[in-house]
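# Structural overview for review
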Amino acid sequence: MGKDILSCDAYFDTIQHKKKVPKCLQLSLTAAFRGLEVEQYPGVPGGEVIEIPGDMPIIEAVRILSEKNIMSVPVLNPDRNVKKICWRSRYLGILDYSAIVGWILDNADMAAVELSPDISSEKCISMAIGAVAATGDDIVVNDVESIAAGTLDDEFVTGLLDREALKSIMVKSVMRIPRWVPFLPIEPDSSMLTVLLLLSKYRLRNVPVVESNGAHIQNFITQTAIVRGLLDCKGRDWFDYMYNLPLTDFGLPFISCDEVKSINSDDFLLEAFQLMRDNYITGLPVLERPTHKLVGSLSVRAVRFLFLRPDLFSDFRTVRVREFIEAVGTAIPDSGLDAPPLTCEPNDSLGSIIEKIASRYVHRIYVVEGSEPRVIGVITLRDIISCFITEPHDYLDSILRSTVESFYEEMPKEERK
């Protein structure tokens, strides 16, 4: 068994040992979820899973993610020569904001290595996107001398900022590196316990549900949907009991002060995206120097504004986090980017945390202390889901486990955390 699966085991084992919830209740909840089939879980809003073709321009895909207020979307294989008899041939995978950021940074990293060891990946980002926009395929570099000198032609910047150029970049180009968003579908007769384990212990952010012996996705279960769905359990004895327990009874926060990744408000925006990519996370607390006061929160989905509102930034390479948040907040009042970060205190109840996260469609809440809030921990959707389940011994069958292992094998070592 791979060491990355062992890290998932270690995370989950740590949670189980920290929880002070009565053992009988934990076992009862696990048994209940195990006996619940996925087909009994509510479908997506509107009843139809949103899908996009692989030959759709990436800017249109970003627009759909933004307008539908979703983080991810299944991508259809546009190859008409491939028979779509099963999900493996029908879908390329899943596109989300992490995949978009990862693809941008990957291309920048490759360009930096090929061109000069002295140039930073941040400076190569606009070059990489501009090149792909111009060719519709792999990176092509024409001005090596200017790059080696540490300068970039304005053409490279407009490669990202020009909407016409972006129409040449297809979603399938981003999907060439599937490790960013694992595609691990299950069938309707699978257990909801499997879904909850995938969304918590194994770090997946979504689980597609495919037709039995079919090719189509009929449901798309996300971490957000699960946590919001927990509120529908109000009035049930088990949920009301857990709702009122303090965070400390669950060992929360699992991510302590020393482990929290953060960005300073005067750091470059691209540094924030790099930090998210390198640590396989989707958001960061924004701190203010020198006090480390919490002043904001930046999510990976913020990358959409670079695509949809390039007019706000004359040169996105030099934009600071604070400038980015202020510019978007002023131009798009309902963006939520400049909203106060979601926070809680160590003695708050689990139920209050679920209420706050569900109200804002965010993936994390920061645990703070002091009059000038200082972050001492982070609670994620993954952590909340983990509070409600245990894993029976050898529960995941060998096929599912090997599939999860193969995903971790494909993931770069620096992201296996």
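Above this text is the structure in question.
Residues numbered from 1 in each chain as written. Predicted model: local features only at pLDDT ≥ 70, side-chain atom pairs only at ≥ 80, totals over all residues. Heavy atoms only, no water.

### A closer look at the pairing of strand S3 (residues 91-96)
Counting buried positions over the six residues of S3 gives five, a clear majority of the element. Of the strand pairs in this sheet, strand S2 (residues 72-76) and S3 are connected by five bridges, and their pairing is antiparallel. By the bridge assignment, valine 73 is partnered in S3 with leucine 95. (Buried < 20%, exposed > 50% of the residue type's maximum accessible area, 1.4 Å probe, protein only. Helix = DSSP H or I, 4+ residues; strand = E, 2+ residues; numbered from the N terminus. Pairing = 2+ DSSP bridges.)

### Description of unusual backbone geometry
Following leucine 252, the chain continues to proline 253 via a peptide bond in cis, the omega torsion being 0°. Relative to the helices and strands, proline 253 resides in the loop between helix H13 (237-243) and strand S6 (255-256). For the bond from arginine 289 to proline 290, the omega torsion is -5°, close enough to zero to count as cis. In this fold, proline 290 is placed in the loop between strand S8 (283-288) and strand S9 (293-299). Phi is positive for tyrosine 280, close to 55°, though the residue is something other than glycine. For tyrosine 280, the location among the structural elements is in the loop between helix H14 (269-279) and S8. Its identity is not glycine, yet histidine 292 carries a phi of approximately 65°, on the positive side. Mapped onto the elements, histidine 292 comes out in the loop between S8 and S9.

### Looking at the side chain of arginine 203
Its place among the elements puts arginine 203 in the loop between helix H11 (192-199) and strand S4 (206-210). Residue classification places arginine 203 among the buried positions, given a relative accessible area of 16%. In terms of polar contacts, arginine 203 uses its side chain to reach the backbone carbonyl oxygen of tyrosine 280, at 3.0 Å. (Polar contact = N/O pair within 3.5 Å; in protein donor to acceptor, adjacent residues only side chain to side chain.)

### Quick word on the sheet that holds strand S1 (residues 52-53)
Read from one edge of the open sheet, three strands run S1-S2-S3, paired in mixed fashion. Each edge of the open sheet is held by one strand with a lone partner, namely S1 and S3.

### Here we look at the side chain of serine 200
Summarising the element assignment, serine 200 is placed in the loop between H11 and S4. What makes serine 200 buried here is its relative accessible area of 0%. In this structure, serine 200 is in contact with Tyr11, Phe12, Arg382, Ile385, Ser386 and Ile389, ignoring residues within four places of it in sequence. (Contact = heavy atoms within 4.5 Å.)

### Overview of the pattern of salt bridges
Considering all chains together, one arrives at 11 salt bridges under this definition. Residues aspartate 9 and lysine 201 are paired through a salt bridge, measuring 2.6 Å at the closest nitrogen-oxygen approach. With aspartate 9 in helix H1 (residues 3-18) and lysine 201 in the loop between H11 and S4, this pair connects stretches of sequence that are 192 residues apart. Looking at lysine 201, the relative accessible area reads 4%, which means it is buried. Of the charged contacts in the structure, one is a salt bridge between arginine 205 and aspartate 96, with a shortest N-O distance of 3.9 Å. Here the residue arginine 205 occupies a position in the loop between H11 and S4, and aspartate 96 occupies one in strand S3, the gap between them amounting to 109 residues. Both residues of the pair, arginine 205 and aspartate 96, belong to the buried class. Residues participating in the shared-partner salt-bridge network are Asp9, Lys201 and Glu391. (Salt bridge = Lys/Arg side-chain N within 4 Å of Asp/Glu carboxyl O.)

### Digging into the packing of aromatic side chains
Within this structure, the stated rule accounts for nine aromatic pairs. Relative to phenylalanine 183, the ring of tyrosine 91 has its centre 5.7 Å away and its plane inclined at 35°; by these criteria the two rings are tilted. With tyrosine 91 in strand S3 and phenylalanine 183 in the loop between helix H10 (171-174) and H11, this pair connects stretches of sequence that are 92 residues apart. With a relative accessible area of 18%, phenylalanine 183 lands in the buried category. Arranged with centres 5.3 Å apart and planes meeting at 20°, the rings of phenylalanine 313 and phenylalanine 324 form a pair that is stacked. On the criterion of sequence distance, the pair formed by phenylalanine 313 in the loop between helix H15 (304-308) and helix H16 (321-331) and phenylalanine 324 in helix H16 is long-range, its members being 11 residues apart. Both residues of the pair, phenylalanine 313 and phenylalanine 324, count as buried. Taken together, Trp238, Phe239, Tyr243 and Phe388 form an aromatic cluster joined through their ring pairs. The ring of tyrosine 280 carries arginine 205 above its face, with NZ or CZ at 4.8 Å from the centroid. (Phe/Tyr/Trp six-rings, centres within 6.5 Å; stacked < 30°, edge-to-face > 60°. Lys NZ or Arg CZ within 6 Å of the ring centre and 35° of its normal.)

Remember, this is a structural readout, not a statement about activity or role.
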